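Secondary and tertiary structure notes
Here is what each chain is made of, one letter per residue.
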Number of protein chains: 2
Amino acid sequence: MHLTAARRLDDGVDERTFILDGIPGVLWTSGSAPAPLILLGHPGGLSRMYPRLVARARRCVAQGYAAATLELPGCGERPRSAVADEARADLRRAVQAGEPVADEIVDRLVLPLVEQAVPECRAALDALLALPGIEGPVGYAGGVISVGVRLAVVEPRLAAALLFAGSYVPRRIVEEARQVTVPLLVLLQWDDEGNDRRMALDLFDALGSTEKTLHANTGGHTGVPEFEGDDADRFFARHLT
Amino acid sequence: MHLTAARRLDDGVDERTFILDGIPGVLWTSGSAPAPLILLGHPGGLSRMYPRLVARARRCVAQGYAAATLELPGCGERPRSAVADEARADLRRAVQAGEPVADEIVDRLVLPLVEQAVPECRAALDALLALPGIEGPVGYAGGVISVGVRLAVVEPRLAAALLFAGSYVPRRIVEEARQVTVPLLVLLQWDDEGNDRRMALDLFDALGSTEKTLHANTGGHTGVPEFEGDDADRFFARHLT
């Protein structure tokens, strides 16, 4: 892990950007005692997502956690994936034509992303948890929900996950979801234009955890109400501290 | 309104039982400043429901509200309804036979209950809000969800409602739900054996409020997790105080 820059934000949060095996990432910490780590998921494009990510990271640090995020494969400054770009175009065409999105399009778009992103997340956990002031347990918060589900299945250091149901989910991931056992809070924007509500509810139903909660709110993809931030704080406080 | 008994509970909550137009009810208050009122809904049978109701009432009073509840038509010591008893038996037969519950059975069971209970709730609000130490705004918390929906449509003093999706809902009530505008928190027990999940989700979708939130949790009808009590406190704090 190679640190590329470090600065202290106005509220005293230490922000460090890093490169790990060629993947850009950001780590946010406070100077204080060893903290559990929350990995922040996002749809890709670190600089585009930065304002939302740093706001969530500030919240995490204020609650006594460290927060970190990685660039997704094929996004931001990382080499693009022709397969993903083509699948994304096919999906957009289907949605704009008002047609149902074929499973094979969702598989082409999401499965390679999961296959690549999850090992990268786990390698990042190895590196981040080796840093002073960062310790387990680990939480995951955000999308891509298929990445969060696979990570919850394969990563024993993950103690709780807040999953944002904001993207298409391959059938295979819905099947894998039955193996998830960690406590879950699933956020669903009821009127999310880019989301398949039926698919999101099927995924929630499939998740194997005995503690799983769905919070559905009116509004579109980016319309998550402010009070859900407080609910997320309490969810992680119950399971990470 | 005729007070039938008054006592102070161990935690200093004043509990008064009353009869209003022949309907038994219970009022819980603290000695302190004028408080908003939360009307507690339940499936009927005050004495059977008392332990759960008094626990919720203690919570309400601790949060600075007054709480009250009324016996439902046809339940507890009130005259039974042959129509409702027959419809309940038909519903039970259908469920035990694994058959879909016909809309006309749900209508026969629930619509007369709504027609009678909602005016009774409104008359109780008239009487309760006339008492010293009780004031608006008013919240509704619990089931029967069809009663809560109709009350939210017709009662202007209602400022927020926490609705428990734990019973069958007539199509007519789903249609009426589009007229609801107050902030809503809808609780759904995902594995509720006595509830139709699809119907509950259709009702949530139909509700017209711009602020509506669904909290779905694993478990059966009575398995609402403890942390939902905290969420309910925060919901009413946002809208009643």
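Structure's up top.
Scope of this entry: the structure provided in the associated data block. (Residues numbered from 1 in each chain as written. Chains lettered and ligands numbered in written order. Predicted model: local features only at pLDDT ≥ 70, side-chain atom pairs only at ≥ 80, totals over all residues. Heavy atoms only, no water.)

1. Looking at the overall build of chain A
A tally of regular secondary structure across chain A gives 7 helices and 9 strands. What you see for chain A is a C-alpha radius of gyration of 17 Å, in line with the 18 Å of a compact globule of 241 residues. For chain A, the C-alpha atoms occupy an extent of roughly 50 × 40 × 30 Å along the three principal directions. Residue pairs in contact within chain A that sit at least 24 positions apart in sequence constitute 66% of those at least 6 positions apart. Per element, the accessible surface of chain A, about 10100 Å² overall, is 54% carbon and sulfur. (Helix = DSSP H or I, 4+ residues; strand = E, 2+ residues; numbered from the N terminus. Rg over C-alpha atoms; globule rule 2.2 N^0.38 Å. Contact = heavy atoms within 4.5 Å. Areas by Shrake-Rupley, 256 points an atom, 1.4 Å probe, with all protein chains shown as cover.)

2. Remarks on the pairing of strand 1 (residues 2-8) of chain A
Residue and element names in this part refer to chain A. Two elements, strand 1 and strand 2 (residues 14-20), share 6 bridges in a ladder whose sense is antiparallel. Bridge pairing in strand 2 links Ala 5 to Thr 17. Between strand 1 and strand 2, which follow one another and run antiparallel, lie 5 residues, and Gly 12 among them has a positive phi close to 85°. (Pairing = 2+ DSSP bridges.)

3. With respect to the relation of the copies chain A and chain B
Turning chain A through 180° and shifting it by 0.0 Å along the axis lays it on chain B, with an RMSD of 0.0 Å. Expressed as an axis order, the relation between the two copies is that of a two-fold axis. For chain A, the minimum C-alpha distance to the rotation axis belongs to His 215 of chain A and amounts to 2.4 Å. The residues that chain A uses at the interface reappear at the interface of chain B in 100% of cases, marking a shared surface. (Least-squares fit on C-alpha atoms with pLDDT ≥ 70 in both.)

4. Regarding the nonpolar core
The biggest cluster of nonpolar side chains holds 125 residues, and the ones touching the most others in it are Val 149 of chain A together with Val 149 of chain B. Once residues lying within four places of it in the same chain are set aside, the contact partners of Val 149 of chain B are Leu 163, Ile 173, Ala 177, Val 180, Leu 203 and Leu 207 of chain B. (Core = buried A, V, L, I, M, F, W, Y, C linked by side-chain atoms within 4.5 Å. Buried < 20%, exposed > 50% of the residue type's maximum accessible area, 1.4 Å probe, protein only.)

5. What about unusual backbone geometry?
The omega torsion of the bond from Gly 136 of chain A to Pro 137 of chain A falls at -5°, within 30 degrees of zero and hence cis. With respect to the helices and strands, the residue Pro 137 of chain A is situated in strand 6 (residues 134-142). Each neighbour pair has its own omega, and for Gly 143 of chain B with Val 144 of chain B the value is -5°, a cis peptide bond. Mapped onto the elements, Val 144 of chain B comes out in the loop between strand 6 (134-142) and helix 4 (145-154).

6. A short note on the pattern of salt bridges
Pairing is possible between side chains that carry opposite charge, provided their charged atoms lie close to one another. Residue and element names in this part refer to chain A. Enumeration according to the criterion identifies 49 salt bridges over all chains in this entry. With its nearest N and O atoms 2.9 Å apart, the salt bridge here joins Glu 104 to Arg 108. Highlighted residues: Glu 104 and Arg 108, both in helix 3 (residues 103-129), separated by 4 residues, approximately one helical turn. Here Glu 104 falls in the partly exposed class, since its relative accessible area comes to 43%. (Salt bridge = Lys/Arg side-chain N within 4 Å of Asp/Glu carboxyl O.)

7. Thoughts on the interface of chain A and chain B
The partner chain B presents 21 residues to the 21 residues of chain A that form the contact. It is Trp 190, Thr 218 and Phe 227 of chain A in chain A that bury the most area against chain B; as a group they hold 29% of the surface buried on that side. If you look at where chain A meets chain B, you find 13 residue pairs in polar contact (both at pLDDT 80 or more). Elements with a minimum of two residues in the side of chain A that touches chain B: helix 6 (197-206), strand 9 (212-217) and helix 7 (227-240) of chain A. Here the element with the most residues in the side of chain A that touches chain B is strand 9 of chain A; it accounts for 6 residues. (Buried area = accessible area lost by both parts, 1.4 Å probe. Polar contact = N/O pair within 3.5 Å; in protein donor to acceptor, adjacent residues only side chain to side chain.)

8. Things to note about the environment of Thr 17 of chain B
Residues and elements named next belong to chain B. As for its position among the elements, Thr 17 is in strand 2 (residues 14-20). Judged by its relative accessible area of 25%, Thr 17 is partly exposed. Note: C-alpha distance between Thr 17 and Ala 6 (11 residues apart in sequence) is 6.4 Å. If sequence neighbours within four positions are ignored, Thr 17 has contacts with His 2, Leu 3, Thr 4, Ala 5, Gly 25 and Val 26. Within the local environment of Thr 17, its side chain forms a polar contact with the side chain of Thr 4, the two groups lying 2.7 Å apart.

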